[in-house]
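Given next are the chains, with one letter for each unit.
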Amino acid sequence: MEKRVTFKGWMLPLLLVAPQVVISAVFFFYPAGQAIWQSLFIPDPFGLSMEYVGLGNFEYLFGNRYYLASFVTTALFSTLVTLTSMIPALFLAVMADRLIKGAGTYRTLLIWPYAVAPAVAGVLWLFMFNTRVGVVAWYLGRLGYDWNHVLNETEAMGLVVVASSWGRISYNFLFFFAALQAVPKSVIEAAAIDGAHFWRRFFTIVLPLISPTTFFLLVVNVVYAFFETFGVIHTITSGGPQQATTILVYKVYADGFVGQDLGSSAAQSVVLLVVVGLLTVLQFRFVERRVHY
Amino acid sequence: MATVELRNIKKRFGKTEVIHGVSTEIDDGEFIVIVGPSGCGKSTLLRMVAGLESVSDGEIRIDGSRVNEREPMERDIAMVFQNYALYPHMTVRQNMGYGLKIAGTPKRQIAAKVDEAAALLQLSDYLDRRPKALSGGQRQRVAMGRAIVREPKVFLFDEPLSNLDAKLRVQMRLEIKELQERIGVTSLYVTHDQVEAMTMADRMIVMNAGRAEQIGKPLDVYERPATLFAAQFIGSPSMNVLDGRIEAGEMRLGSAALGPAPAGLPDGPVKLGLRPEHALPDPDSPLRLRVRLSEPLGANTLLHGQLDQAEAPFTACLAGVHRTNGSGEIIPLRVAPEAIHLFSPETGDRLN
Amino acid sequence: MTATHDIGPGPAQPSGRRAAEPPPGMVERRGASLWLTHALLILGVLVVFFPIWLAFVASTVTQPEIARPPMPLWPGDRFFENYREALLSGVNVPVATMLLNSLVMAIGIAVGKIVISLLSAFAIVYFRFPGRTFFFWTIFLTLMLPVEVRIVPTYEVVAGFGMLNSYSGLIFPLIASATATFLFRQFFLTIPDELAEAARVDGAKPMRFFWDIVLPMSRTNIAALFVILFIYGWNQYLWPLLITTDPSMNTIVMGIKQMFPSGDDIAEWPVIMATSILAMIPPVIVVVSMQKLFIRGLVDSEK
């Protein structure tokens, strides 16, 4: 799309784009270029010189047990987060959509947790499941279940998944609720006249009609699980135990800042870059679908 | 007040020429309507006068001085847009005064001018409203008010009535014409509606495919259309055009003789232009209309069908109520020889 | 594609179906079923709220009450003491300082991003200038990379500028993304051409047009974006964690983690929980009080 009317001159527009272009260049393109460049080198142990290794860092990465494990962890984690945040949200949205009055109130109440930072959510859930003082951990103990996410890998994964999904329920609820509200009432009534009961109507009519929203949320939640859950993991498990909750983004941080392994960290950044690219393409294809919908 | 001169105006977008050289001189206070079908270049022509499009070739002069290179505001023009282009976040008062405000006019003076224009347009009660809270006709008036307060040399109207419903269009048509006569500003008015062109114009420019087919007073264009296009575009329902010929000084359609041809025309094929309203029932006429459909409008009746002598469809417009027996009826019609327009089959130019 | 209509799958559409509804018919719920629906929703709300409630309770009791599980489930009487302690002394640094840092960062990011995006989107939409397409794609590319992906080199750049432990270091790297530019571009494209032409006929120069017409017309978009960006900025964790080594520059969201003791010492839970609650309040207030704008911003910014 283009404007028919344009203003003349080129000094002014260049001045106008300058701030964004300069900031992007300095804080975006240069670092991104650096990441790609550094991924081709290994610094010597004293950090004095760099040795060119070509794709060596990548070969090393994909031969590395821990890195491959991190891929699996990330896949598992993002699948679980997506499901855990979408299913309850859809359920609540369906319930709220059945109401004539009061749906808005529930929306206002459920919107809250979205505003809570993932890192803060991590602290809240850590507090509930803390092995020493956590209320939930304590009650589980009374029931005969010995909760210890510090040692148990499954429990650790479960906890970061729940803590990451919690705030997302609000987000998904908002989108599902709006989508449900936009389903034409006449369609539902027609189905009712055809004799379909509520859940039958839901699965055969409503769910297909809101599928664009569902696809959209799938992609968005995967992106969230990949890139925005660092705070949760850092506050609750720091990637442990035994790297059981080390997702890719956490590993970039751990190797680059804690481990000071610049070459490997840079190579990981490049791999993530490719992942982001793929997700973006997915998102754009989805956007296109939506336009036609 | 000003004259406007177009000298061989051309417009190219890239390599495509869309306006092929239009020239005319517009007198001070004259109301010129540029009329034509969509895509004929009429809006582009107007926008070139406004300074919103560059002029590829030729010269535009306002009050004798060349304005090709001037910015819109330096040309001292005002423009009324098709969708009004009111600033949605400003009140009527702010909308009307915006141009003056930019020009640095003192506030008090702006207020006075806006009040005056508002009174003229019956907008005084709406000055503090936003465009959203106005009806279509009122928005139209605000757009005109915005033009008036600047007291420009030239008014430019770009299809200003096409967003209004039919009834309002008739009313606003009168209002615009009245207003223009009252303040007497030279005006250029673009429309695709030949009724607007006929009723409002002092002179009209009939445009087609980037050319001015005819420039003249509405009735002159109606009575003596210079080209087939102008003939068919002006007048409603539009002129019937039939393939005929001139033979031994007589106009003929098939076997029927239509009367003597104007002197000096050689024998050969011609295009015959017959206006529907010039067809009169006449039992003795050889022209026989086989009616397919009749549209009774009350004041007159439109009969659609085909003449025995021609392949092309034919429409007749008979005065008053005319009850037909329905489809298939045959009505003999006569057209006076002096009411027949003759056009060259090759060029479409008028022959008589 | 217009700025508001085709963008989001849901909330952009009017939700007026309920308002214009006929009296309850066969597909409406009544009686027991209605109560069940309410009951399930209330249960949902309670479950979602429980962590926040627990944090609040913990922020109003004493350390020993928490250290001896199970902790109470009803607020105690130490509200003022705990919050005063958190705000004025904290653990490493007064929480008031961290709140201020967060506020500066969140507002800085929101305002900075909005300003540079408005300007560049205006240039790209309303001018034809050399390199326009190049700049367009340059900006477009930045859409694709979250800061998490390029942390190490970005850190080096910021360190090189000596911007560690500074507000500019906190803010600048996070405004180098193009979401807002695209949003404004989309919106500007929906502004009718005639408005710009009318402004030209009225004699407005480009910046005058920007200031008098474009900016006021973008008010709602700007406000919606501000809400979203404020929360985005406020909730940042990784970046402040990397570049603020000086506790007095910590933001509250990342500062909470710093309050946990290393080793086996017991954390000061009441103060930590009071800090958590304080960290939530500003974004929650923004979201709840500006719900409409927030939802709109959410929908818009998801492209």
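Residues numbered from 1 in each chain as written. Chains lettered and ligands numbered in written order. Predicted model: local features only at pLDDT ≥ 70, side-chain atom pairs only at ≥ 80, totals over all residues. Heavy atoms only, no water.

A. Layout of the sheet that holds strand 10 (residues 211–216) of chain B. Residue and element names in this part refer to chain B. Taken together, six strands build an open sheet; the order of strands is 6-7-8-3-9-10 and the sheet is mixed. Edge strands, defined here as strands with exactly one partner in the open sheet, are strand 6 (77–80) and strand 10. Put simply, the sheet's adjacent strands are angled 15 degrees from each other on average, direction ignored. In this structure, strand 7 (residues 154–158) lies alongside strand 8 (residues 186–191), joined through five bridges in parallel fashion. Note that in strand 8 the partner of Val154 across the bridge is Thr186. (Pairing = 2+ DSSP bridges. Helix = DSSP H or I, 4+ residues; strand = E, 2+ residues; numbered from the N terminus. Axes fitted to C-alpha atoms, helices over the stretch in contact; angles between N-to-C directions.)

B. Spatial organisation of the sheet that holds strand 2 (residues 16–26) of chain B. Residues and elements named next belong to chain B. The sheet built from four strands is open, its strands ordered 2-1-4-5 with antiparallel pairing. Either end of the sheet is taken by a strand with one partner, and the two such strands are strand 2 and strand 5 (65–66). Taken together, the eight bridges between strand 1 (residues 4–13) and strand 2 define a ladder with antiparallel strand orientation. Paired with Phe13 across the bridge in strand 2 is Thr16. Lying on the sheet, helix 1 (residues 42–50) is in contact with strand 1, strand 2 and strand 4 (57–62); it crosses strand 1 at an angle near 115 degrees. (Contact = heavy atoms within 4.5 Å.)

C. The arrangement of the pattern of salt bridges in detail. Residue and element names in this part refer to chain B. Taken as a whole, this structure holds 28 salt bridges over all chains when the rule is applied. Taking the shortest distance from any N to any O, the salt bridge between Glu59 and Arg61 comes out at 2.8 Å. Relative accessible area serves as the criterion here: at 14%, Glu59 is assigned to the buried category. Among the salt bridges present, the one from Asp308 reaches Arg290, with a minimum N-O distance of 3.5 Å. You can see Asp308 sitting in the loop between strand 17 (300–307) and strand 18 (313–319) and its partner Arg290 sitting in strand 16 (residues 287–296), a full 18 residues away along the chain. Owing to a relative accessible area of 38%, Asp308 belongs among the partly exposed residues under this scheme. Since its relative accessible area comes to 43%, Arg290 is described here as partly exposed. Connected through shared salt-bridge partners, Glu5, Arg7, Glu59, Arg61, Arg66 and Glu69 make up one network. (Salt bridge = Lys/Arg side-chain N within 4 Å of Asp/Glu carboxyl O. Buried < 20%, exposed > 50% of the residue type's maximum accessible area, 1.4 Å probe, protein only.)

D. Highlighting the UniProt feature "domain: ABC transporter" (unreviewed entry) in chain B. Mapped onto the present numbering, the UniProt feature "domain: ABC transporter" (unreviewed entry) falls on residues 4–234 of chain B. Here residues 4–234 of chain B runs as 37% helix and 26% strand, with 25 Å between its end C-alpha atoms. (UniProt positions renumbered as here; feature names shortened; annotations may be inferred.)

E. Spatial organisation of the interface of chain A and chain C. Contact with chain A, which involves 111 residues of that partner, is made by 125 residues of chain C. Linking chain A with chain C are zero salt bridges, by the criterion used here. Across the chain A-chain C interface, the total number found is 11 residue pairs in polar contact (both at pLDDT 80 or more). At 20 residues, helix 1 (residues 11–38) of chain A tops the list of elements feeding residues into the side of chain A that touches chain C. (Polar contact = N/O pair within 3.5 Å; in protein donor to acceptor, adjacent residues only side chain to side chain.)

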